[in-house]
Amino acid sequence: MSVRRILKVDTDLPVLKQISKPVKAVDEKLRLLMDDMLETMYAAPGIGLAAVQVGEPVRVIVMDIAQREAPDGGPGKREPRFFVNPQILSASDETLPYEEGCLSVPDVFDEVERPARVRLRYMNYQGETIEEDAEGLYAVCIQHEIDHLNGVLFIDHLSRLKRDRAVSKVKKAAKAEAL
């Protein structure tokens, strides 16, 4: 396993805007990608990562929201999840505003309103097809990551002014880091 470079909105937007291709089968090569993605996500640190964010435009997501939900506010135990070819089958009319951030848009956080509950279908790490309901942070995170697979960033849900400010902030931070 290895930590990969996470693409950023300031330098890698054309890649991040690509629509990811479906995966034909879960095999050893794909599992190695998912393992790398998980290590990259933990190192960042983050709670979700789409394959396109590490330059692989395939429909794969890794996620671990357990560490964010520890009762004492500290890191929870790791409970990694793997989603291959995830699809949202249905979404609730009720929405949930949630302050989101993104590893590809570092240090930018803003409120996005999404359906509060979704029903999804995906293949897991073993290639088994799973269908289940998601709500709360799980619903927010899976929708955010599926957006990545469709070439959509969370800042695309914001006003043009907020989106432009977010990109400027990332560019400014990258320049300061380069000095």
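Residues numbered from 1 in each chain as written. Predicted model: local features only at pLDDT ≥ 70, side-chain atom pairs only at ≥ 80, totals over all residues. Heavy atoms only, no water.

Draft legend 1. Quick peek at the packing of aromatic side chains. By the definition in use, this model includes three aromatic pairs. Taken together, a centroid distance of 4.6 Å and an interplanar angle of 50° make the contact between Phe-82 and Tyr-125 tilted. You can see Phe-82 sitting in strand β3 (residues 81-91) and its partner Tyr-125 sitting in the loop between β6 (117-123) and β7 (129-135), a full 43 residues away along the chain. Taking the relative accessible area as the measure of exposure, Phe-82 reaches 14% and is therefore buried. Each member of the aromatic cluster is reached from another via a ring pair, and the members are Phe-83, Tyr-122 and Tyr-138. Here the guanidinium or amino end of Arg-31 rests over the ring plane of Tyr-125, the centre of that ring lying 5.7 Å away. The residue whose ring lies beneath Arg-78 is Tyr-42, and the NZ or CZ to ring-centre distance is 3.7 Å. (Phe/Tyr/Trp six-rings, centres within 6.5 Å; stacked < 30°, edge-to-face > 60°. Helix = DSSP H or I, 4+ residues; strand = E, 2+ residues; numbered from the N terminus. Buried < 20%, exposed > 50% of the residue type's maximum accessible area, 1.4 Å probe, protein only. Lys NZ or Arg CZ within 6 Å of the ring centre and 35° of its normal.)

Draft legend 2. Spotlight on the environment of Asp-133. Relative to the assigned elements, Asp-133 resides in strand β7. C-alpha of Asp-133 to C-alpha of Gly-48: the two residues are 85 residues apart in sequence and 18 Å apart in space. Setting aside residues up to four positions removed in sequence, Asp-133 forms contacts with Val-118, Arg-119 and Tyr-138. (Contact = heavy atoms within 4.5 Å.)

Draft legend 3. Here's a closer look at the pairing of β6. Strand direction decides the pairing type here: β3 and β6, joined by five bridges, are antiparallel. Bridging from a neighbouring strand, Ala-91 pairs with Val-118 of β6. By the bridge criterion, seven bridges tie β6 to β7 in an arrangement that is antiparallel. Bridging across to β7, Arg-119 finds its partner in Asp-133. (Pairing = 2+ DSSP bridges.)

Draft legend 4. Focus on the pattern of salt bridges. Taken as a whole and judged by the stated rule, the model has 15 salt bridges. Arg-31 serves as the salt-bridge partner of Glu-28, at 3.7 Å between the closest nitrogen and oxygen. Placement of both Glu-28 and Arg-31 in helix α2 (residues 28-43) is noted, with a separation of three residues, approximately one turn of the helix. For Glu-28, a relative accessible area of 52% translates into the label exposed. On the basis of relative accessible area, Arg-31 is assigned to the buried category, the value being 18%. Taking the shortest distance from any N to any O, the salt bridge between Arg-121 and Glu-131 comes out at 3.1 Å. One end of the pair, Arg-121, is in strand β6; the other, Glu-131, is in strand β7, and 10 residues separate them in sequence. Residue classification places Glu-131 among the partly exposed positions, given a relative accessible area of 39%. Overlapping salt bridges, with partners in common, bring together Arg-119, Arg-121, Glu-131 and Asp-133 in one network. (Salt bridge = Lys/Arg side-chain N within 4 Å of Asp/Glu carboxyl O.)

Function cannot be inferred from these measures alone, as they are strictly geometric.
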